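A closer look at the structure
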Protein chains: 2
Amino acid sequence: MSTQTITHAGAPSTAWSARPDAPLTDETLDVVDGWWRAANYLSVGQIYLLANPLLREPLHRDHVKPRLLGHWGTTPGLNFVYAHLNRAIRERSQPTLYVTGPGHGGPGLVANAYLDGTYSEVYTDITQDTEGLRRLFRQFSFPGGIPSHVAPETPGSIHEGGELGYALSHAYGAAFDNPDLLVAAVVGDGEAETGPLATSWHSNKFVDARQDGVVLPILHLNGYKIANPTVLARIPESELLDLMRGYGHKPHVFTGGFDDEDPAAFHRRFAELLDVVLDEIADIKARAAAGDDSRPTWPMIVLRTPKGWTCPPVIDGKQVEDSWRSHQVPLSSARDTEEHLEVLEEWLRSYRADDLFDDDGRLVERLQVLAPDGHLRMSDNPHANGGLLLRDLRLPDFRDFAVDVPVPGGSISEATRVLGQWLAEVVRLNPDNFRIFGPDETASNRLQAVYETTDKQWNAELVPADADNHLARVGRVMEVLSEHQCQGWLEGYLLTGRHGLFNCYEAFIHIIDSMFNQHAKWLKVTDEIPWRRPIASLNYLLSSHVWRQDHNGFSHQDPGFIDHVVNKKAEVVRVYLPPDANTLLSTYDHCLRSRQYVNVVVSGKQPAPNFLTMEEAIAHCSRGLGIWEWAGNERDGEDPDVVLGCAGDVPTLETLAAADLLRRHLPELSVRVVNVVDLMRLQDVKEHPHGLSDRDFDTLFTKDRPVIFAYHGYPWLIHRLTYRRTGHPNIHVRGYKEEGTTTTPFDMVMLNDLDRFHLVMDVIDRVPSLGSKAARLRQQMQDARHEAREYTREHGEDIPSVRDWVWPDAGETATEVGGPERDATTSTGGDNE
Amino acid sequence: MSTQTITHAGAPSTAWSARPDAPLTDETLDVVDGWWRAANYLSVGQIYLLANPLLREPLHRDHVKPRLLGHWGTTPGLNFVYAHLNRAIRERSQPTLYVTGPGHGGPGLVANAYLDGTYSEVYTDITQDTEGLRRLFRQFSFPGGIPSHVAPETPGSIHEGGELGYALSHAYGAAFDNPDLLVAAVVGDGEAETGPLATSWHSNKFVDARQDGVVLPILHLNGYKIANPTVLARIPESELLDLMRGYGHKPHVFTGGFDDEDPAAFHRRFAELLDVVLDEIADIKARAAAGDDSRPTWPMIVLRTPKGWTCPPVIDGKQVEDSWRSHQVPLSSARDTEEHLEVLEEWLRSYRADDLFDDDGRLVERLQVLAPDGHLRMSDNPHANGGLLLRDLRLPDFRDFAVDVPVPGGSISEATRVLGQWLAEVVRLNPDNFRIFGPDETASNRLQAVYETTDKQWNAELVPADADNHLARVGRVMEVLSEHQCQGWLEGYLLTGRHGLFNCYEAFIHIIDSMFNQHAKWLKVTDEIPWRRPIASLNYLLSSHVWRQDHNGFSHQDPGFIDHVVNKKAEVVRVYLPPDANTLLSTYDHCLRSRQYVNVVVSGKQPAPNFLTMEEAIAHCSRGLGIWEWAGNERDGEDPDVVLGCAGDVPTLETLAAADLLRRHLPELSVRVVNVVDLMRLQDVKEHPHGLSDRDFDTLFTKDRPVIFAYHGYPWLIHRLTYRRTGHPNIHVRGYKEEGTTTTPFDMVMLNDLDRFHLVMDVIDRVPSLGSKAARLRQQMQDARHEAREYTREHGEDIPSVRDWVWPDAGETATEVGGPERDATTSTGGDNE
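What counts and how
Residues numbered from 1 in each chain as written. Chains lettered and ligands numbered in written order. Predicted model: local features only at pLDDT ≥ 70, side-chain atom pairs only at ≥ 80, totals over all residues. Heavy atoms only, no water. Helix = DSSP H or I, 4+ residues; strand = E, 2+ residues; numbered from the N terminus. Rg over C-alpha atoms; globule rule 2.2 N^0.38 Å. Buried < 20%, exposed > 50% of the residue type's maximum accessible area, 1.4 Å probe, protein only. Contact = heavy atoms within 4.5 Å. Areas by Shrake-Rupley, 256 points an atom, 1.4 Å probe, with all protein chains shown as cover. Lys, Arg positive; Asp, Glu negative; His and termini not counted. Charge placed at Lys NZ, Arg CZ, Asp CG, Glu CD. Patch = residues over 30% accessible without salt bridge, like charges linked within 9 Å, V, L, I, M, F, W, Y side chains within 5 Å. Salt bridge = Lys/Arg side-chain N within 4 Å of Asp/Glu carboxyl O. Pairing = 2+ DSSP bridges. Axes fitted to C-alpha atoms, helices over the stretch in contact; angles between N-to-C directions. Domains from an automatic or database assignment. Polar contact = N/O pair within 3.5 Å; in protein donor to acceptor, adjacent residues only side chain to side chain. Disulfide = S-S within 2.5 Å. Least-squares fit on C-alpha atoms with pLDDT ≥ 70 in both. Buried area = accessible area lost by both parts, 1.4 Å probe.

A few points about the overall build of chain A
The number of helices and strands found in chain A is 25 helices and 23 strands. For chain A, whose C-alpha radius of gyration is 30 Å, the value lies close to the compact-globule estimate of 28 Å for 833 residues. Its C-alpha atoms put chain A at 95 × 65 × 50 Å along the principal axes. Burial statistics for chain A: of 833 residues in total, 71% are counted as buried. Partitioning the intrachain contacts of chain A with sequence separation of at least 6 by distance along the chain shows that 79% fall at a separation of at least 24. For chain A, the accessible surface area stands at approximately 24600 Å², while carbon and sulfur atoms represent 48% of it. For chain A, the distance from the average site of its 80 positive side-chain charges to the average site of its 121 negative ones is 3 Å.

Written out as structure tokens, the structure is:
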């Protein structure tokens, strides 16, 4: 990437302009054809050739790679669109980002970036000459080389495309708040069968024609997947067009390559169609600029071409072009026989490379002119290297939003509601580069204070009653009942240099497990690519968590996303479990300042005690874990008899209640309470950058005293994180055990043996020789559990002695702070879904 | 559930018949209205009332539950459809299954099952009288009671509906191979925004009008989600109808409840519409029976009603009916003021319960007649309790498909290809209750032998070239490029009493992580419900696994599904890593015989050595793990110096190669090789039913010798499973570390330090006092790795000494068995996607 100062591509003066009033000449179309042939040639070359890149000598089997690892099928279609977009971009100076759904088309995107010149700017050893071509070919899908997909290594890419389904979500994410940007998104007809892609067409109800950019979907019907035809290629065209209209688009159909139509003719047809489409978009933009805020019918293109277009139609008597057989490497046995080698050579020579590259192996000047200038090249669009455009958020001082905590447990808040008040101010200060995404749960997760400074963006129909529901044509909150869309939009938004967060019910974040995987892998790889600049972290806020599914039950209980996340590279994942409102504020401020991470923050939304003042919260969060001295009763200079560890808001509450019981009933027992906010602190420093040294770990948890650890999620994770610690054999973890569900909070923790009474029993079972007093207390705890359980079955709510318990320092006077306002008519928006 | 013999509902004589030639009378419609009011009354009662179920005394606050936990919004619409279907079922004797997408409508489905009589048959304490009503109300969403959703506890349910998106996939899964079954599937307009639901409309291209049942989608547009309008309710109706037509349906629109239309009138309109729809379906069925195999345009219904229909329109000045405010519990403060209590009482009395229930609290006879007979009741449809209908598979003897293994490593096979030959016979023997599901990967995963006995079912357009692609109107293989659809169809198929497997690339099975969660939870709960009969296990075959993504790279590498799975209840999950072809056969035979589990089987598809004869494989698999004596060189009666553990095919190969190196270079070192097929054997027997006792574990792995464990997936999982074992501190695990990717197999294992050379180095590092010979060997291994790495960068393939290594007993003569046939034209269908 050149180091020159980035100028924002697409100043308003050039975007959405009409093409110059000049005829579309045959010469221009011939240049487009030349570019297409060059891109196709380079694509085939990357898949097959080790040497002899321009076939300046006869093809020999030693010129062919011994293992052919790549995909041809989708590539010529992608190259076709790229070449034509170049022509249109040159004529209109239209900043354009190219999202290629079928990531298999990697060689094509690399080829175009090379033809653009960007590739050689970024990778200076891949020069614009014959030796550069040889290296370009050799490195592709080769040990020590580059991947076969449209990977982070590919200039111009924000979308690897290996896991299918997210092309349109990413494209829309890129378009939000980029009013001058065109995002051309090729959707493969294989990808179109996935669920996430199928719903992402509806993104057009969430984009504003004035404030946001434009996504141009290009549905590439090449008819086949790996081994099957595609559904959308095998329904009547009238049905397909109904579908596209039903998605709210105006479809334009182009079919080419199935007969012997002259290239000049089909290039002309497609170029004219593209001009019509771009003119329609320009008209919509103009109408929007003039104040029309109705949802426009955006155009889209159905592009029907043969799969593997331009490869040998038939090999060994079997159809390859226009067949699933061209999906991967047609002619996989190119080196095996002279006959196959000849087929390959003939195929390569069909592109007439000598017309395309000069004696030095450089693209001929006649074709070079098709590349747009500078950042108008799609491979050099700065939005595709979002860190270049990233601006720090203006963050209000989170201390100003602190809740008052006169003594530990001395006030009560809904933590996420407090966070929402700070987020409202974040939104106000960052009106064009911060968005909040959620699947219809932002209010349910208690972030509704944000509606004091913004609205939910909604470009479908509005009715008068929507006025009190915070819906508007533009807004910072994006709500759609699809976790896939929320994640995909946010990823696209972040990858193009903006900030955001995704709030979600904890259980259902698993819906995007695999999308998280792909994003984490992207971050891991980009960390190692010098020209890729750091982007803002992907921030999750998981609320409505496993312990408070009173309404919804077992299907809504799953704390395993944390387990899923920690399998990814330690360098890119962070997990936080703030125990109260002030720690949540401090944690989230940290997350919104960070780069290149995935931050998972789990926090309850129900009224719960606050334990730390803001100063204490900041200190605690910056350590990530620590001893809560006020909660224990250690004797100076001695290790305690037992350590109570806790991570998560509900486990922390139960741990403190257990500590209270122990102090009252076994005052001679020396107890330490350790709270963990930053879960990765439990790991060894060799495993995770946040990890604790063994010495520090031993200092906190001791080497030999029993540790009763109350954890938010599946208990095994704590063992996994600590199995190398000296004291690990003494760590006993309580957590969620998939024991099913019940409908009161305390019944729920009892069901999983995470309740205060059971924790006390755990202590008694593990501290030797506590004597008969402890045995009696154990029986008391057993009885108290029984009584609590029976009470719920009789009354339908938790026993008051538990429900109303407060930390003893707080007296009887814990008051609610942080502003819950309740709506008498309904619990919706105030409780779980 | 009554214990009478189940007769297959829907003998051909009754299914798809026209309604009797009699007018639809006002009396009948009045009965429908009465049923609807009764169901609505019982729904409201469940949400609110603890006592006084029929309001035979004035409502007092003590009659109202202290915590109101449920959802009203979707319920009246579900009840409306249920009542009308009852009428149609009675008239046509049409076996019908009701799938309710919005699982929040739990109280409605419980209410209808109670009115049907089924509920009292299954739960005998919930009697058909006032006391039974009181219990019915009290138990709902109450500690010790029943969940709020359409959970497994609900008779007639195969679909909990808590995680949205799978209603249609489940419905189609139920319909496959049930030619006489109508599946009425209500799709909520919230759910309709999810990706999985959006693509599942296309299921109609995979259903055969003659062989399969019929899904009638009912898109319930009640307009609102938790806190927002829904997208499909806010696009022009013409666009919505285009969308439904684009999905291949003929839409019928019903709108009711928005004005003061008389109930008799709207009931008549809906009943007539339902008759038209059912007649259209009957016509299609008749045409199909007569031989028409073109894809029909199935009807569907758009049902537009107010959300919360029939609840108080306005409470405290705020709109509730026809608003998101009715989503959950309208009037959540019913107990707080006299005024609110009056609103609730008035609402309850609006259903005129005294007309609906007699003095004893029993549904009046006039309404009872609306319930269809016996299994025609939707709540008693035996398909909804699939274990009742489950027949054992006829399984061919897998021993007959064994590959020949003259000596360990003496032959080479592609394991999944061998499995495919057995599966082909499974398919042949079970032509109507076994299906194979996969996202376009069945051939890529090397199961293509199944196409010798069946085809891929494909009801979209066919072209002549499809003949050699095994596409047909009916077939046992279901391929669509949507893991969500594959999983949803299979779940529906299993839940209705059939068998199947899902083959998938290992990395992308994460796409259905959350669907797996829900199914595992369903199994866990049904294990505890006496009347629910066991169903066939959900079997995964994960191939194209993490170690062989030569083509595809980093995005296609993720072995973490195993980690995800083992968080669920031990009683329902099983994980197998067969190391070769015969063990895979034996494992899969076991899986297809099992019940109520999720079986995860991971197996490679690339040519790899076979180690065990079939007799050995059977013995090994039945133990689940064991010492491979032929691979080690222990001395009798002594613990070995080191244990090499391995799980997974590639790690097993590397472990054996390491054992070979150690025997050759350090013959004095005593080595034991332990292979693990059944991963759950590593756990303690207290944690998992397959777990080993500590004594057995210690016998295999020793208490104090170093264990170098080569594992298929993320290494931490082995620690998680073994952290309680005596010898755990000595266990050192090598596995996948997210180190990125490369394009040759050996380069890939080297990248993650799982290669033979590194394993030898690990041994040397952990066995003390091996002396200078070992130190020299360590250096040799270091050099060998370096040489192997450099070789790939030079040649693009693995160094022959590694690539061609065979276990020494095999000599030089390992031959390929199990029939790979290669296609010279293409590597597609033979390699990775």
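Considerations on a negative patch on the surface
Residue and element names in this part refer to chain A. On the surface, Asp316, Glu338, Glu339, Glu342 and Glu346 cluster together into a patch of negative charge. Inspection of the secondary structure assignment puts Glu346 in helix H10 (residues 338-349). Looking at Glu346, the relative accessible area reads 61%, which means it is exposed.

Observations regarding the sheet that holds strand E1 (residues 96-100) of chain A
Residues and elements named next belong to chain A. Strand order in the open sheet formed by 5 strands is E1-E2-E3-E5-E4, and the pairing between neighbours is parallel. Pairing within the sheet leaves two strands with one partner each, and these edge strands are E1 and strand E4 (249-255). Put simply, the sheet's adjacent strands are angled 20° from each other on average, direction ignored. Sitting on the sheet, helix H6 (residues 167-175) touches E1, strand E2 (182-188), strand E3 (214-221) and E4, and the angle it makes with E2 is about 175°.

A look at the domain arrangement of chain A
One frequent convention defines the size of an interface as the accessible area lost when the parts assemble. Residues and elements named next belong to chain A. Under the domain assignment, chain A is made up of domain 1 (28-384), domain 2 (413-607) and domain 3 (627-810). Each of domain 1 and domain 2 has a C-alpha centre, and these two points are 33 Å apart. Counting every contact that joins domain 1 to domain 2 gives 3 salt bridges. Residues Asp177 and Arg476 are paired through a salt bridge, measuring 2.7 Å at the closest nitrogen-oxygen approach. Between the two partners, domain 1 and domain 2, sit 25 residue pairs in polar contact (both at pLDDT 80 or more). Of all the elements in the fold, those that place two or more residues in the side of domain 1 that touches domain 2 are H6 and helix H7 (195-200). Counting residues per element, the side of domain 1 that touches domain 2 draws most heavily on H6, which supplies 5 residues.

Some details on the state of the cysteines
All names here are of chain B. In this structure the tally under the stated criterion is 0 disulfides over all chains. Between Cys621, a free cysteine, and Cys591, which holds the nearest cysteine sulfur, the sulfur-to-sulfur gap is 9.6 Å. By relative accessible area, which is 18% here, Cys621 ends up buried.

Details of the sheet that holds strand E17 (residues 607-610) of chain B
Strands sit in the order E17-E8-E23 (chain B) across an open sheet of 3 strands; the sheet is mixed. Single-partner strands in this sheet number two, and they are E17 and strand E23 (815-816) of chain B.

Observations regarding the relation of the copies chain B and chain A
The transform that puts chain B on chain A rotates by 180° and translates by 0.0 Å along the axis, for an RMSD of 0.0 Å. Taken together, the rotation and translation relating the two chain copies correspond to the operation of a two-fold axis. For chain B, the residue whose C-alpha comes nearest the rotation axis is Gly195 of chain B, separated from it by 1.9 Å. The overlap is high: 100% of the interface residues of chain B also sit at the interface in chain A, so the same surface is used on both sides.

Observations regarding the interface of chain B and chain A
Counting from both sides, the interface comprises 143 residues of chain B and, opposite them, 143 residues of chain A. Of the roughly 11600 Å² buried between chain B and chain A on both sides combined, carbon and sulfur atoms contribute 53%. At the junction of chain B and chain A, the tally comes to 16 salt bridges. One salt bridge in this structure joins Lys568 of chain A and Asp558 of chain B, with 2.6 Å as the shortest N-O distance.

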